[in-house]
Amino acid sequence: MPELPEVEITARRLARAVEGAGVESALAPGMVALKTFDPPLDALAGGRLTGVRRIGKMLAVEAGELTLLVHLMSAGRLQLFDKRASLRDKSSRILVRLEGERELRLREFGTQQRAWAKLLRAGEVATDEDVARLGPDAHPPPPPDEFARLLDQPRHLHPLLRDQRTIAGIGRSWVDELLWTARLSPFKQGSELEDGEVEELRTACDEVLGAALDHYEQVIVDTVPDKLPMPLQVHRRAGEPCPRCGSTIEAVHFKDYVMCYCPEEQTGGRVLKDRRLSRLLK
Ligand SMILES: [Zn+2]
């Protein structure tokens, strides 16, 4: 599930590898992945890639006057290959064929088709609905005043921080790490935070996401692997000891994700009701 640090390292590595590369052709074997039709995808042919950057959790592959905006959703990957994919490869969604047999490929694992791409004119990127609705980036975090204002909402912190309109880049993995680092309950409301707690959370965004990026800079040399070595301390570690206080990390299971936290440090010792369990008992 690529979030800010994972998408950022992908953008950095791809930018280094493809800048200046000529595009021979572009096609969309997974027809549903391409959400736009004007300009047509093949308008990329004959141009050159000029950059790859991250916008929130999306990637923008730039080719002069055109930008391919890509959202990986939960199971997509944008990767560069030395050889071209067979058109029978069911994981391929978008193929951008570069000179010298290389291919920039949007792939998606699993049976669902949720990853998408849009080919936009460069001038339309900022006003695109998926870009325009984004809040400020989580890393580096906005200045303290702005950060406090963004979080001042009567909503639980876990969904609030994952809402890209509030702040961009955080998803289901890193939100657990940020709340644990700031010792905050996932069920505390944004509007109930004390000034010191807001500052703790802002520092966590800065340091935790920054450390994840530093980690990826160290371990990912050229190619971003299918599964990134995410330096997580609490997410998906239910049942293990908290790395800070030794209490058992607990989890709340939702339909399609798991929230992990340290009861000792985040919820005043209370173990939150497991939604999955309570549904079964009903
Ligand atoms: Zn703990």
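As shown above, the structure is provided for reference.
Residues numbered from 1 in each chain as written. Predicted model: local features only at pLDDT ≥ 70, side-chain atom pairs only at ≥ 80, totals over all residues. Heavy atoms only, no water.

## Observations concerning the side chain of Arg 13
Alright, step 1. Mapped onto the fold, Arg 13 is located in helix α1 (residues 4–18).
Alright, step 2. Residue classification places Arg 13 among the buried residues on the basis of a relative accessible area of 6%.
Alright, step 3. Aside from chain neighbours lying at most four places away, what touches Arg 13 is Tyr 216, Glu 217, Ile 220, Val 221, Asp 222 and Val 224. (Helix = DSSP H or I, 4+ residues; strand = E, 2+ residues; numbered from the N terminus. Buried < 20%, exposed > 50% of the residue type's maximum accessible area, 1.4 Å probe, protein only. Contact = heavy atoms within 4.5 Å.)

## Focus on the sheet that holds strand β8 (residues 116–121)
Alright, step 1. Taken in spatial order, the four strands of this open sheet run β2-β3-β4-β8, and their pairing is antiparallel. This sheet does not close on itself; its edge strands, each paired only once, are β2 (51–55) and β8. Sheet twist, expressed as the average angle between the axes of neighbouring strands with direction ignored, equals 20°.
Alright, step 2. Strand direction decides the pairing type here: β2 and strand β3 (residues 58–63), joined by five bridges, are antiparallel. Bridging from a neighbouring strand, Arg 53 pairs with Ala 60 of β3. (Pairing = 2+ DSSP bridges. Axes fitted to C-alpha atoms, helices over the stretch in contact; angles between N-to-C directions.)

## Describing the coordination of the zinc ion
Geometrically, a metal with four donors at the corners of a regular tetrahedron has ideal angles of 109.5 degrees, and one with six donors at the corners of a regular octahedron has ideal angles of 90 or 180 degrees.
Alright, step 1. Looking at the zinc ion, the protein donor atoms are Cys 242 (SG), Cys 245 (SG), Cys 262 (SG) and Glu 265 (OE), and they sit 2.0 to 2.3 Å from it.
Alright, step 2. Linear spacing of the donor residues for the zinc ion on their chain is C-x2-C-x16-C-x2-E. Placement of Cys 242 in the loop between α6 (195–219) and β9 (250–253) and of Glu 265 in helix α7 (residues 263–266) is noted, with a sequence separation of 23 residues between them. Judged on exposure class, the residue Cys 242 and its partner Glu 265 are both buried. (Donors = N, O, S within 2.8 Å, 3.2 Å for Na, K, Ca; no water.)

## Remarks on unusual backbone geometry
Alright, step 1. The step from Asp 38 to Pro 39 runs through a cis peptide bond, and the omega angle for that step is 0°.
Alright, step 2. His 139 connects to Pro 140 through a cis peptide bond whose omega is -10°.
Alright, step 3. Mapped onto the secondary structure, Pro 140 falls in the loop between α2 (129–132) and α3 (144–151).
Alright, step 4. We note that Met 73 has phi near 50°; this positive angle belongs to a residue other than glycine.
Alright, step 5. Turning to its location among the elements, Met 73 is positioned in the loop between β4 (66–71) and β5 (76–81).
Alright, step 6. Even without being glycine, Arg 183 reaches a positive phi, approximately 55°.
Alright, step 7. Within the secondary structure layout, Arg 183 lies in the loop between α5 (174–181) and α6.

## A few points about the nonpolar core
Alright, step 1. With 31 residues, the main nonpolar core has Leu 44, Leu 68 and Ile 94 as its most contacted residues.
Alright, step 2. Listed by contribution, the elements that provide at least two residues to this core are α1, β1 (23–27), β3, β4, β5, β6 (92–98), β7 (103–108) and β8.
Alright, step 3. With five residues, the top contributor of residues to this core is α1.
Alright, step 4. If we skip the residues at most four places from it in the chain, Leu 68 touches Leu 41, Leu 59, Ala 60, Val 61, Ile 94, Val 96, Ala 117, Lys 118 and Leu 119.
Alright, step 5. Core analysis: the second largest hydrophobic core is formed by 29 residues, Leu 4, Leu 201, Ala 212 and Leu 232 among them. (Core = buried A, V, L, I, M, F, W, Y, C linked by side-chain atoms within 4.5 Å.)

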